[in-house]
Amino acid sequence: MRKTIKNAVITLLILTLSVSTAFLAYLHFFASEEEKLSGEWTAELDVTEQAAVTALGWLQEIEGVSVSLEDMKSYMHGLTIQVNLEIEQTGSSVGTFQCNVSQESYDACKQAAYEAFASAFQELLAERLRMAGYTGSMEEEAIEELVTETFGMSTDSYLISYGPALLPSLEDLQAEYDGSGTYEAAENILTRQFETGQGAVTRVEYYIRQDAVLILSEEIGSVPAGFSADDYPVVYTLKQPTD
């Protein structure tokens, strides 16, 4: 009887040790990955909605034409601006970072936005000309020629010069995202110290890392209760994993 109890205790100890070892291995190889932020991350800021709403408001001021937000979204889709974030972890949950808005991506997005805007403008202009009794060609090339003759420039150039600003300015985006410095991560809170010419600026954000995805929230204090990865639009994906 005593031998049976002894064997049972030994078996229980072995099982407990095995479970503990497996759990520690999980924490080491899997759970700890959530705390590792090193790597080159990239986010695609979607500005489609802003561009469509802004263009809609301007076009609605043209007398005798009608256009909906759905119409504008059919022209403008997939307008994104790339933000690059490079993180180097130098210690346990601490390290350095460098973040910048890609000017090349911004310029390409701006060009695409105004080309889409120009297409919508030309179509509405053709509609307005038909209503006014114009009998000339309504082909895209003909409308473009009319615009060039009237304004002395192409449709997209005219809209860039005299139309609304479809995107946030590059300077505003750079003020929001650009910078470098040090960081500390703890309990899903990321504290970044931006080094500026006027001294250090601190930004405190919630974060979640899920494999190759890093979600950064707005600054703490403006985030509603019930923090969830689905609530935040700024999503970075890992470009180049580092050990």
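**Some points on helix 4 (residues 103-131)**
- With 29 residues, helix 4 extends 42 Å from end C-alpha to end C-alpha; this agrees with the ideal 42 Å at 1.5 Å per step.
- Backbone geometry just after helix 4 places glycine 133 at a positive phi near 90°.

**So, the confidence of the model for the chain**
- For the chain, per-residue confidence averages 79 on the pLDDT scale, and residues scoring 70 or more make up 75% of the total.
- Across the chain, strand 3 (residues 94-101) holds the top mean pLDDT of 95, while helix 1 (residues 2-29) sits lowest at 40.
- In this model residues 222-232 is a low-confidence stretch, pLDDT under 50, and it forms 19 contacts with partners more than four residues away in sequence or in other chains.

**Here's the deal with the packing of helix 4 against helix 6 (residues 155-162)**
- Interhelical geometry of helix 4 versus helix 6 gives an angle of 110° and a closest axis separation of 8 Å. With respect to their mutual orientation, helix 4 and helix 6 come out roughly perpendicular. Residues Lys110, Gln111, Tyr114, Glu115, Phe117, Ala118, Phe121 and Gln122 of helix 4 form the contact with helix 6, whose own contacting residues are Thr155, Asp156, Leu159 and Ile160.
- For the contact of helix 4 with helix 6, the residue count by class is six nonpolar, three polar and three charged.

**Thoughts on the packing of helix 2 (residues 48-59) against helix 4**
- The contact between helix 2 and helix 4 brings their axes to 11 Å, and the two run at 25°. It follows that helix 2 is roughly parallel to helix 4 by the angle criterion. Our pair here, helix 2 against helix 4, has a crossing hand that is right-handed. Contacts from Ala55, Trp58 and Leu59 in helix 2 reach Phe117, Ala120, Phe121 and Leu124 in helix 4.

**Some thoughts on helix 6**
- Of the residues making up helix 6, those classed as buried are Thr155, Asp156, Tyr158 and Leu159. Buried positions in helix 6, seen along its axis, are confined to an arc of 160° and lie on one side of it.
- Buried-residue contacts for helix 6 involve helix 2, helix 4 and helix 5 (140-151).

**Regarding the packing of aromatic side chains**
- Inspection of the entire model under this criterion finds seven aromatic pairs.
- Summarising the aromatic geometry, the rings of tyrosine 158 and tyrosine 162 are spaced 5.4 Å apart at their centres and angled 35° between planes, so their arrangement reads as tilted. Taken together, the residues span about one helical turn, with tyrosine 158 and tyrosine 162 both in helix 6 at a distance of four residues.
- With relative accessibility at 55%, the residue tyrosine 162 sits in the exposed group.
- Counting every residue linked through ring pairs, the aromatic cluster contains Trp58, Tyr114, Phe117, Phe121, Phe151, Tyr158 and Tyr162.
- Over the aromatic face of phenylalanine 97 sits the side chain of arginine 192, whose NZ or CZ is 5.1 Å from the ring centroid.

Conventions and cut-offs
- Residues numbered from 1 in each chain as written.
- Predicted model: local features only at pLDDT ≥ 70, side-chain atom pairs only at ≥ 80, totals over all residues.
- Heavy atoms only, no water.
- Helix = DSSP H or I, 4+ residues; strand = E, 2+ residues; numbered from the N terminus.
- Expected span 1.5 Å × (residues − 1).
- pLDDT = per-residue confidence, 0-100.
- Contact = heavy atoms within 4.5 Å.
- Axes fitted to C-alpha atoms, helices over the stretch in contact; angles between N-to-C directions.
- Parallel < 35°, antiparallel > 145°, perpendicular 65-115°, else oblique.
- Nonpolar A, V, L, I, M, F, W, Y, C, P; charged D, E, K, R; others polar.
- Left-handed = near helix turned anticlockwise from the far one by under 90°.
- Buried < 20%, exposed > 50% of the residue type's maximum accessible area, 1.4 Å probe, protein only.
- Arc of directions from axis to C-beta.
- Phe/Tyr/Trp six-rings, centres within 6.5 Å; stacked < 30°, edge-to-face > 60°.
- Lys NZ or Arg CZ within 6 Å of the ring centre and 35° of its normal.

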